[in-house]
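# Understanding the architecture of this molecule
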Amino acid sequence: MKVNIQAVNFNVDRKLVDFINERLGKLEQYYDKIVGIDVSLHTENTSGKENKSVDILVKIPGDDLIVKKTAKTFEEATDTGADALERLLVKRKEKIKTY
């Protein structure tokens, strides 16, 4: 499984890349047919503190799952997005088992 990370208008430090790879790499234990993951990091132009947005696209056969999360830090947004994806992947796996 390959994780592609794209940052819009800024450079990503190595710690953030390692965190994203580690956190999203754990998704394979919930669904083993993941082809790849695309992550887009960008900051929103708002005056609030929660202006870091993460869009995660998980490519699986037959469908793609998309999660968009906004938080104070990219790590927090990635973590909540990964939690949501875990629930979606478990639900999809249960749905496939019933057929």
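Residues numbered from 1 in each chain as written. Predicted model: local features only at pLDDT ≥ 70, side-chain atom pairs only at ≥ 80, totals over all residues. Heavy atoms only, no water.

### Quick look at helix 1 (residues 14–25)
The terminal C-alpha atoms of helix 1 lie 16 Å apart, and with twelve residues this matches the ideal 16 Å at 1.5 Å per residue to within 8%. Among all positions in helix 1, only Leu16, Val17, Ile20, Arg23 and Leu24 are buried. Taken down its axis, helix 1 places every buried residue within 140° of arc, on the same side. Residues of helix 1 that are exposed and point over 90 degrees away from its buried face: Arg14, Lys15 and Glu22. (Helix = DSSP H or I, 4+ residues; strand = E, 2+ residues; numbered from the N terminus. Expected span 1.5 Å × (residues − 1). Buried < 20%, exposed > 50% of the residue type's maximum accessible area, 1.4 Å probe, protein only. Arc of directions from axis to C-beta.)

### Looking at the side chain of glutamate 86
Examined against the element boundaries, glutamate 86 turns out to sit in helix 2 (residues 74–98). At a separation of 2.9 Å, a polar atom in the side chain of glutamate 86 contacts the side chain of arginine 23. With residues up to four places along the chain from it excluded, the contact list for glutamate 86 reads Arg23, Leu27 and Tyr30. (Polar contact = N/O pair within 3.5 Å; in protein donor to acceptor, adjacent residues only side chain to side chain. Contact = heavy atoms within 4.5 Å.)

### Quick notes on the packing of aromatic side chains
Per the stated rule, a full pass over the model turns up one aromatic pair. Both rings, one in phenylalanine 10 and one in phenylalanine 74, keep their centres 5.3 Å apart while their planes meet at 15°; by these two values the pair is stacked. Highlighted residues: phenylalanine 10 in the loop between strand 1 (2–7) and helix 1 and phenylalanine 74 in helix 2, separated in sequence by 64 residues. Look at phenylalanine 10 and you get partly exposed, because its relative accessible area is 26%. (Phe/Tyr/Trp six-rings, centres within 6.5 Å; stacked < 30°, edge-to-face > 60°.)

### Focus on the sheet that holds strand 3 (residues 52–60)
Spatial ordering of the open sheet is given by 1-2-3-4, a layout of four strands whose pairing is mixed. Every other strand in the sheet has two partners, leaving strand 1 and strand 4 (63–71) as the edge strands with one partner each. For this sheet, the mean inter-axis angle between neighbouring strands, taken without regard to orientation, is 15°. Of the strands in this sheet, strand 1, strand 2 (36–43) and strand 3 touch helix 1, which is tilted by about 140° from strand 1. (Pairing = 2+ DSSP bridges. Axes fitted to C-alpha atoms, helices over the stretch in contact; angles between N-to-C directions.)

Read these as geometric descriptors, not functional statements.
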